[in-house]
Amino acid sequence: MNVEEVRAYCILKKGITEEFPFDEHTLVFKVLGKMFALLPLERLPPQINLKCNPELSLKLREKYDGDIAPGFHMNKKHWNTILIERISPSLLKELIDHSYNLVVSKLTKKQQTELAKLKE
């Protein structure tokens, strides 16, 4: 996948906004105001930061050493930096889904109800 394909996949999800809260080069995807993905648009090689369950993070970092690493400028326990062109598109989509679902699971019941009412 390339950066445009990653963006296209992320914005398909319910309740998504995209913005540049940090600088004009780092696109942030949020679900109801909570970050689940950061996509530095000018970083080479292309990469994405995604939220991840800490136990899964350790397994992924071991299995994909160098391609999945602790989150660059993020909480190293809960975020991974993934080189998007070095892992399979199917794995990348799984990890984006995992990050999104992890953030959704931490939303309040009211926010989860609001999200469920949104059209896809």
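Described below are features of the structure shown in this document. What you see is a predicted model; the values in this text were computed from it and never measured. (Residues numbered from 1 in each chain as written. Predicted model: local features only at pLDDT ≥ 70, side-chain atom pairs only at ≥ 80, totals over all residues. Heavy atoms only, no water.)

## Section: the side chain of Asn-80
Summarising the element assignment, Asn-80 is placed in strand S6 (residues 79-83). Classification of Asn-80 by relative accessible area gives buried; the value is 2%. In terms of polar contacts, Asn-80 uses its side chain to reach the side chain of Ser-57, at 3.3 Å. (Helix = DSSP H or I, 4+ residues; strand = E, 2+ residues; numbered from the N terminus. Buried < 20%, exposed > 50% of the residue type's maximum accessible area, 1.4 Å probe, protein only. Polar contact = N/O pair within 3.5 Å; in protein donor to acceptor, adjacent residues only side chain to side chain.)

## What about the sheet that holds strand S1 (residues 16-19)?
Here we have 6 strands laid out as an open sheet, ordered S1-S2-S3-S4-S6-S5, and antiparallel in their pairing. In the strand order of this sheet, the two ends are held by S1 and strand S5 (68-70), each with one partner. The mean angle between the axes of side-by-side strands here comes to 25°, regardless of whether they run parallel or antiparallel. Sheet analysis places strand S2 (residues 26-31) next to strand S3 (residues 34-40), joined by 6 bridges and oriented antiparallel. Paired with Lys-30 across the strands is Met-35, a residue of S3. (Pairing = 2+ DSSP bridges. Axes fitted to C-alpha atoms, helices over the stretch in contact; angles between N-to-C directions.)

## Thoughts on the packing of helix H1 (residues 3-10) against helix H3 (residues 89-105)
Relative to each other, H1 and H3 sit at 40°, their axes nearing to 11 Å. It follows from the interaxial angle that H1 and H3 lie oblique. Crossing angle aside, the handedness with which H1 passes H3 is right-handed. Listed contacts from H3 to Val-6, Tyr-9 and Cys-10 of H1 are Leu-92, Lys-93, Ile-96 and Asp-97. (Parallel < 35°, antiparallel > 145°, perpendicular 65-115°, else oblique. Left-handed = near helix turned anticlockwise from the far one by under 90°. Contact = heavy atoms within 4.5 Å.)

## Quick look at unusual backbone geometry
Of the consecutive residues Leu-44 and Pro-45, the connecting peptide bond is found in the cis state with omega at -5°. Position of Pro-45 relative to the elements: it lies in the loop between S3 and strand S4 (47-51). Positive phi outside glycine occurs at Leu-32, with the angle close to 45°. Residue placement: Leu-32 occurs in the loop between S2 and S3.

## Thoughts on the packing of aromatic side chains
For the coordinates displayed, the defined rule picks out 2 aromatic pairs. Pairing Phe-29 with Phe-36 gives two aromatic rings, centres 6.4 Å apart and planes at 45°, and the pair type is tilted. Both rings, one in Phe-36 and one in Tyr-100, keep their centres 5.5 Å apart while their planes meet at 80°; by these two values the pair is edge-to-face. Of this pair, Phe-36 sits in strand S3 while Tyr-100 sits in helix H3, placing them 64 residues apart in sequence. Taken together, the aromatic side chains of Phe-29, Phe-36 and Tyr-100 make up a single cluster linked through ring pairs. For the cation-ring pair, Lys-13 lies above Tyr-100, with the distance from its terminal atom to the ring centre recorded as 5.3 Å. (Phe/Tyr/Trp six-rings, centres within 6.5 Å; stacked < 30°, edge-to-face > 60°. Lys NZ or Arg CZ within 6 Å of the ring centre and 35° of its normal.)

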